[in-house]
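# Coordinates in review
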Amino acid sequence: GSSFNSVRRFAILSAGAQDGIREGMPVRSQTGLVGRIIDVGALASRVLLVSDRTSIVPARLLRTDIPVIVQGRGDGTVEVRPLEVGRNPFRPGDLVITSGTGGLYPPLVPLARVIKPKDDGAIALPLADPSTTSFAIVEPAFEPAAIAAEKERAATAP
């Protein structure tokens, strides 16, 4: 299940703690990255979708290998920005993949396709569509220390 009637973008998985699901685990479908687990119950889990405004994913442009940051826009699309200011490397159709930087998401997972270059970045459409996904793969963090850091940050947040 997923939410399409608000700016917050969540999906619900019918798998929870009793299935080994933990907060911070990346979630992907057969077409690409869906998001990450943010809440876990005994039988179900909530996934923060990559299109949510609070979702930020370190990535890279497949064609050029340029590092980029992908942030959800809350409308089903994502914004892609290069780390290097003053240079816009995007073309319509460019594929964006995860970089593995930060340790949460594994590298080389398809993430989004650029649909519209802008002055300082681009708008892209996530490749994974939760509304048409019949199964998801929930993986451990690429580097386990990333989950520990995420939990510590959440515990100290106001």
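Structure: see above.
The present account deals with the structure reproduced in this document. (Residues numbered from 1 in each chain as written. Predicted model: local features only at pLDDT ≥ 70, side-chain atom pairs only at ≥ 80, totals over all residues. Heavy atoms only, no water.)

### Overview of the overall build of the chain
For the chain, the helix and strand inventory stands at 1 helix and 11 strands. Taken from the N to the C terminus, the helices and strands of the chain come in the order β-β-β-β-β-β-β-β-β-β-β-α. Relative to its 158 residues, the chain shows a buried fraction of 42%. Residue pairs in contact within the chain that sit at least 24 positions apart in sequence constitute 55% of those at least 6 positions apart. (Helix = DSSP H or I, 4+ residues; strand = E, 2+ residues; numbered from the N terminus. Buried < 20%, exposed > 50% of the residue type's maximum accessible area, 1.4 Å probe, protein only. Contact = heavy atoms within 4.5 Å.)

### Quick notes on the pattern of salt bridges
Considering all chains together, one arrives at 8 salt bridges under this definition. Salt-bridge contacts for Asp 75 lead to Arg 73; the nearest nitrogen and oxygen are separated by 3.4 Å. In this structure, the salt-bridge partner of Arg 81 is Glu 79, at a minimum N-O distance of 2.7 Å. (Salt bridge = Lys/Arg side-chain N within 4 Å of Asp/Glu carboxyl O.)

### Examining the pairing of strand β4 (residues 45–49)
Counting buried positions along β4 gives 4 out of 5 residues, so the element sits mostly inside the fold. Where strand β1 (residues 10–13) and β4 come together, 4 bridges link them in antiparallel fashion. Its bridge partner being in β4, Ala 11 is matched across the sheet by Val 47. Summarising the sheet, strand β3 (residues 33–40) and β4 pair through 5 bridges and their orientation is antiparallel. Counted as the bridge partner of Asp 39 is Arg 46 from β4. Hairpin remark: β3 followed by β4, antiparallel, with 4 residues in the connecting loop. (Pairing = 2+ DSSP bridges.)

### What to know about the pairing of strand β6 (residues 67–72)
Here β6 shows a buried face lined by Val 68, Val 70 and Gly 72 and an unburied face lined by Pro 67, Ile 69 and Gln 71. As paired elements, strand β5 (residues 56–61) and β6 share 5 bridges and run antiparallel to each other. Bridge pairing in β6 places Arg 60 opposite Pro 67. Between β5 and β6, which follow one another and run antiparallel, lie 5 residues, and Asp 65 among them has a positive phi close to 65°. Sheet topology note: the β6/strand β7 (residues 78–82) ladder contains 5 bridges and is antiparallel. The residue bridging Gly 72 from the neighbouring strand is Val 78, located in β7. Between β6 and β7, which follow one another and run antiparallel, lie 5 residues, and Gly 74 among them has a positive phi close to 85°.

### Re the nonpolar core
The nonpolar side chains of a soluble globular protein tend to be buried with one another. Judged by nonpolar contacts, the single largest core of 21 residues is most densely connected at Val 68, Val 70, Val 80, Val 96 and Leu 111. Looking at this core, the elements with two or more residues in it are β5, β6, β7, β9 (110–118) and β10 (121–126). For Val 96, the residues in contact, after removing those within four places along its chain, are Ala 59, Arg 60, Leu 61, Val 68, Val 70, Val 80, Val 109, Pro 110, Leu 111, Ala 112 and Val 114. (Core = buried A, V, L, I, M, F, W, Y, C linked by side-chain atoms within 4.5 Å.)

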